[in-house]
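Close look at the chain arrangement
In case you want the letters, here they are:
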Amino acid sequence: MAIRSLTLCSTFTVWVLVLLGDVLAQKCWRDTKCTGPKTAAFPGEWESNLFSPSSRVVTPKAVYNLNAGGSPLVGSVSLVSAQPGVYYDFGLEVGGVVTIDFSVSSVHGEGALGIAFTEAKDWIGPVSDSSSGVFERKDGALYANFSSVGNYTYVMPDEQLRGGFRYMTLFLVGATSSGSVSNVSLELSFQPTWSNLQAYQGYFHSSDDLLNKIWYSGAYTIQTNALHPSTGRAWPAPDSQWANDGDIGTGSTINTDGAKRDRTVWPGDMGVAIPAAFYSTGDIESVRNSLTTLYSIQADNGLLPFSGPPLLAVDSDTYHMWTMIGTYNYVLYSGDVDFIRKIWPKYLAAMAFVADQLDSSLGLLNITGYTNDWGRFSVDSTQASAQMLYYRTLVTGSELATWIGDTTGINSTWLEAAAKLRRAIHSQLWDEKAGAFDDSIEKRENNTSLYPQDGNALAILFGVVNATSDQTQDISSSLTKNWTPIGAESPELSGEVSTFISSFEIQAHLLAGQAQRALDLIRTSWGWYLNNENGTQSTMIEGYLVDGTFGYRHDAGYEEDYSYTSHSHGWATGPVTALTEYVLGLSISGLAGSTWRIAPQFGDLTHAEGGFTTSLGKYYLSWNVSSDGGYALEYSVPQGTSGVLMLPVPSRSEKYKVEVDGKEMTVNQWKTTSNTEGNRQLYITQGSGGEHHVQVS
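Parameters and conventions
- Residues numbered from 1 in each chain as written.
- Predicted model: local features only at pLDDT ≥ 70, side-chain atom pairs only at ≥ 80, totals over all residues.
- Heavy atoms only, no water.
- Helix = DSSP H or I, 4+ residues; strand = E, 2+ residues; numbered from the N terminus.
- Polar contact = N/O pair within 3.5 Å; in protein donor to acceptor, adjacent residues only side chain to side chain.
- Contact = heavy atoms within 4.5 Å.
- Buried < 20%, exposed > 50% of the residue type's maximum accessible area, 1.4 Å probe, protein only.
- Arc of directions from axis to C-beta.
- Core = buried A, V, L, I, M, F, W, Y, C linked by side-chain atoms within 4.5 Å.
- Salt bridge = Lys/Arg side-chain N within 4 Å of Asp/Glu carboxyl O.

1. With respect to the side chain of Thr-536
Here Thr-536 lies in the loop between α13 (515-530) and β21 (543-545). Within the structure, Thr-536 has its side chain in polar contact with the side chain of Thr-539 (distance 2.6 Å). For Thr-536, the contacting residues outside a window of four places in its chain are Gly-91, Leu-92, Glu-93, Glu-119, Arg-166, Tyr-529 and His-567.

So this is what it looks like as structure tokens:
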């Protein structure tokens, strides 16, 4: 706690804070060197959907009497020890260091101003929602002590900054006292290397306002999870309250799992967060530092950690492989081949570690002893999702070997291993009758089989099944059997919606060409939370129950503490990638965008546009669908790059015309591929750098 007497009147304090806000808007977190972008790459009307504040110092949107409800309070806020207190609503997820100007008009002994925080409206009150990870106690509150009348300023200690909250409750405790609060402000601690928190390097805009808001809530979630490495959650936790002065890695900014908790690097979460960061904020500096941290604590046997420091959880094959897949994603998006060259011996050791667990009699990975995972109820030795992850690890590892110019032939060896694994997965785990993969051989033999959301979604996403196959359509259809009115229930975590695994499911439906299914699930799940008045209405939640309560994993590790759920979690940001890469249809396939892909899927949208940046420049795509089914498409990509256009066209029985840059294309100038990427009819052509226009009618 930091508290000092005021020597200036409250009106002067407000004036100073206004000026300070203007100054801090141009600064980064404390003395952090500013390395982030200074301006948005794509300014426009879509910036009205931004949740990110324009200044690093923010103030509450409203204040209310606790337990009384009613209209917001206006002017100076009175507090009396005999009354419950008040709560401030910042209007969205925030996090950082709070400053409170208050005065004490009467006190008879030792008193204190209590300060408590919560992300969700459900836990507004004198006890903060849970973040410490110690379930035997509550986080409680902070206290600004006083024993005499006068004016005070409370500044939250840096080590107790609150990482994620929307609501702050103030109340008086101790001796009988009364007073008033004249000013509350918050210095935001996230995205520490950015002087302009709205300088997004990507954007998305469409004919659906809800989807637009969802995309930007994902981008804002990514921002609130980008932390200075000295502000992570401390572990072991303190005996009371909370501490966010943990050393969680290298650099000046690092990608973590959540704003409130765990404020730690988790590789699985990065499987969703890395692509989402690339397409939205463009912050891959945080990603590099997270990966550097994970490789720096690799075990001698090659095993990569389940989590970063200071928690340092271990023994997870799946998260080990997520780190390796994340390495590929980082190098793809950044073009930073030097990064993988420098850690190549570590990467080879990581691949050897997981390869040693292949059961030659089954042709599958046996993950016995390394079964920690994302929170599902049970993990078996032949778990389907682990097989899908290993397949993707081998394929992306081969690509990395090619990029660094490896001459040992390891790229071919890994591709051959991937092909063998793929055949084994199909022969050992596919259930033709169910049209889905079993969760494991063990569950099938014990007659406790289920058809997991994770393993089946990843099978499509990672290409274990061909996107043009009947299997892909069967899996896509099978996954919809788990849908509820507010999202997809995960069979492997029954009764709950995992936004982590649902992030893969929506992309799987899009790869199956089932755009409407994906859009419907985004709206019913992420749209439900964004519009939920009890949530942050600005970020993406870790998960929730199918009954609409926030007790994610209440019976699977969170000890029935519903308030422990993170309401700003990077692993939930799959809609950012789904909407940009698959619905808008703009993605990269070569280092830093040297090659790219345009493959829009319209669903029920009539318009979408968006873009992102790499070290090579800006990438932009826009399309408009007319009432007769035709559409106009415009794109702009850096000169010197090349790509492929996969354009939706009517079925072969219908006449159509395609024009590229005003030139009508004839059929023999196009390569026809039926049902490519699912149940769509596409025509494919090569594209080049520059600005281009396509008309399909």
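2. Comments concerning the environment of Asp-139
Mapped onto the elements, Asp-139 comes out in the loop between β6 (111-118) and β7 (142-146). Taking the C-alpha atoms as reference points, Asp-139 and Asp-129, separated by 10 residues in sequence, lie 6.6 Å from one another. At 2.6 Å, the side chain of Asp-139 forms a polar contact with the side chain of Ser-131.

3. Here's the deal with helix α11 (residues 470-479)
If you check which residues of α11 are buried, you get Gln-471, Thr-472, Ile-475, Ser-476, Ser-478 and Leu-479. Along the axis of α11, the buried residues cluster in a sector spanning 165°; they form a single face.

4. Let's talk about the nonpolar core
A general trend in soluble globular proteins is that nonpolar side chains are found buried together. With 182 residues, the main nonpolar core has Ile-100, Phe-102, Met-168 and Leu-170 as its most contacted residues. Element by element, the count of residues in this core is highest for strand β5 (residues 86-107), at 11 residues. Setting aside chain neighbours within four positions, we find Met-168 in contact with Val-86, Tyr-87, Tyr-88, Phe-90, Val-98, Ile-100, Ile-115, Ala-116, Phe-117 and Val-184. Trp-528, Tyr-529, Ile-541 and Tyr-544 belong to the second largest nonpolar core, which has eight residues in total.

5. Here's the deal with the pattern of salt bridges
Under the counting rule described, the total for this entry stands at 21 salt bridges. For the salt bridge of Lys-260 with Glu-119, the shortest nitrogen-to-oxygen distance reads 3.7 Å. Of this pair, Lys-260 sits in the loop between β13 (254-255) and α3 (267-279) while Glu-119 sits in the loop between β6 and β7; the two residues are 141 residues apart in sequence, bridging distant segments of the chain. For Lys-260, a relative accessible area of 2% puts it in the buried group. Residue Glu-119 is classed as buried on the basis of its relative accessible area of 0%. Across the pair Asp-262 and Arg-261 runs a salt bridge whose closest N-O atoms are separated by 2.9 Å. Assessed through its relative accessible area of 7%, Asp-262 is described here as buried. Here the residues in one salt-bridge network are Glu-119, Asp-129, Asp-139, Arg-162 and Lys-260, joined through shared partners.

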